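Take a look at the letters that make up each chain.
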Amino acid sequence: MQSKADTELVRRQNRGLVLGALRRAGPLARVELGRETGLSPATISAITGDLLAEHILVTADIDERAERPLGRGRPRVALTLNDEAAYVLGVKISLHSVTLLLSDYSGHLRDSRHYAISTMGADSRSFVPRLIDCIRGYLADRDIPPSRVSEISIAIPGTTDETTGTLLWSPTVDVDVGPIPGPVSEALGIRASMTNDVNMMAQALHSRDPIRFGGTFATIFIAYGVGMGLYINGRLFTGAYGSGAEFGHANHMPGGALCRCGRRGCVEAYVADYAIYRAVENLAPDVSPTDIDPDAETMHRLEERARAGEDRVRMAYHQAGLALGYGLSRLIALLNPQRVAFTGRGVAAFDLMEAGFRAGLDEGLVGELARMTEIEVFSAEDDLVDVGILAGAMQRLDREVFASSDHDPVVLPKPAAPVREPADLKV
């Protein structure tokens, strides 16, 4: 019995290697798959034969005429993921809004749609039933049976308990919404998962470039709040209950300024949009962030005032950078990450924070440790959440469903489901 279990484990691992290689590299000939995975030709032949029979893979010609001017010989036959093997539905939740993202199995974004749903206040109690109705109607409008959707992946700002599927705290969603993935899964018959949206950003970077963003790295989001997605030794870290890596709510100043989470002195209370606005306007540090909440245009005007040399505004950004540097120094001292990536609307002002950030980092950390970590600032316009929602779901689908030969049969639609032309997003 043990030998049979071991054989199945090896087969599952090898299938996962093949699927992962095709997801990273795109269409590959069998010999190229062997080089990518390190598997023998016989193993590649056996695995790909099974995956083709199960309709998880399809064949595609590779046009080599550019390499062979005379056009002699037959084109190579490559293997690629079958677009129609499954669908994944991403759900991005933000303040009074939900975005649904439909992806095929190859990772092409087929369609997206926005819905207005109350996430705060008295109406938030009806959030989950309304979300279920939106998803059900969305799939029906596109003639996609729920059985064709392998996973619903939900991204939400805030702190979640992934063991129960409940929201513990969020800056934009009331905890009164109750459990989300469980009721969604039960109502629609589709497995569902939920995680912090910044975790999705880290997954997006890992999916785009697993070499640079592999190992141990952090993604820090700066905007209306401050959050972090963390990979340790190549795997997303979420803690014992799904609430790990709360960088923004680590304490920076005991008894300090009021944070959106209700506590005082968090890193976020000095770095987020509302914190900078509060400092510029000389508001008391205990003014509630929910009473401030500046929009993107307001923050843009503050950045212009700082770059024009206005002392109070420049000092607010310098203090934000200092808090960010001190906070990151603790993270680097604990984890020694290879890379830290900053993203979010707030990085548009990173040049204004950088002097304070470097000062905090230098003061809080041994120089040799600081030099080991590469710090990268992404464009404020680079929205990583959409990519991460779908990339994480695809990785789970590869690893937990199709890597096993014991999964539900793939039934291809006749005709193919009517969806829109693929958008630019690819996961």
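Quantities reported herein were computed from a predicted structural model and do not represent experimental measurements. (Residues numbered from 1 in each chain as written. Predicted model: local features only at pLDDT ≥ 70, side-chain atom pairs only at ≥ 80, totals over all residues. Heavy atoms only, no water.)

*Asks:* Mind showing me how you'd approach the overall build of the chain here?
*Replies:* Scanning the chain from N- to C-terminus turns up 13 helices and 14 strands. Radius of gyration (C-alpha) of the chain: 24 Å, near the 22 Å computed for a compact globule of 427 residues. By principal-axis analysis of the C-alpha atoms, the chain measures approximately 70 × 50 × 50 Å. By the burial criterion, 51% of the 427 residues in the chain qualify as buried. A separation of at least 24 residues holds for 65% of the contacts in the chain among residues at least 6 apart in sequence. If you sum the accessible surface of the chain, you get close to 19600 Å²; carbon and sulfur atoms cover 52% of it. (Helix = DSSP H or I, 4+ residues; strand = E, 2+ residues; numbered from the N terminus. Rg over C-alpha atoms; globule rule 2.2 N^0.38 Å. Buried < 20%, exposed > 50% of the residue type's maximum accessible area, 1.4 Å probe, protein only. Contact = heavy atoms within 4.5 Å. Areas by Shrake-Rupley, 256 points an atom, 1.4 Å probe, with all protein chains shown as cover.)

*Asks:* What's the story with the pairing of strand β6 (residues 149-156) in this structure? I'm lost.
*Replies:* Consecutive side chains of a regular strand alternate in pointing toward one face of the sheet and then the other. In terms of burial, β6 is a largely internal element, seven of the eight residues being buried. The sheet contact formed by β6 and strand β9 (residues 192-196) spans five bridges and is parallel. Of the residues in β9, the one forming a bridge with isoleucine 156 is asparagine 196. (Pairing = 2+ DSSP bridges.)

*Asks:* Quick question: what am I supposed to make of the nonpolar core here?
*Replies:* The tendency in soluble globular proteins is for nonpolar side chains to be buried side by side. Core analysis: the biggest nonpolar cluster contains 44 residues, and Val18, Leu19, Leu33, Tyr105 and Phe402 have the highest contact counts within it. Going through the elements one at a time, α1 (2-25), α3 (41-53), β2 (76-81), α6 (197-208), β10 (217-222) and α13 (385-402) are the ones with two or more residues in this core. In terms of residues, this core owes the most to one element, α13, which gives eight residues. If we ignore the near neighbours within four places in the chain, the residues touching phenylalanine 402 are Arg15, Leu19, Leu51, Ile56, Ala85, Ala86, Tyr105, Leu397, His407 and Val410. In this structure, Tyr274, Ala316, Ala323 and Phe342 belong to the second largest nonpolar core, which totals 43 residues. (Core = buried A, V, L, I, M, F, W, Y, C linked by side-chain atoms within 4.5 Å.)

None of this, on its own, says anything about what the molecule does.
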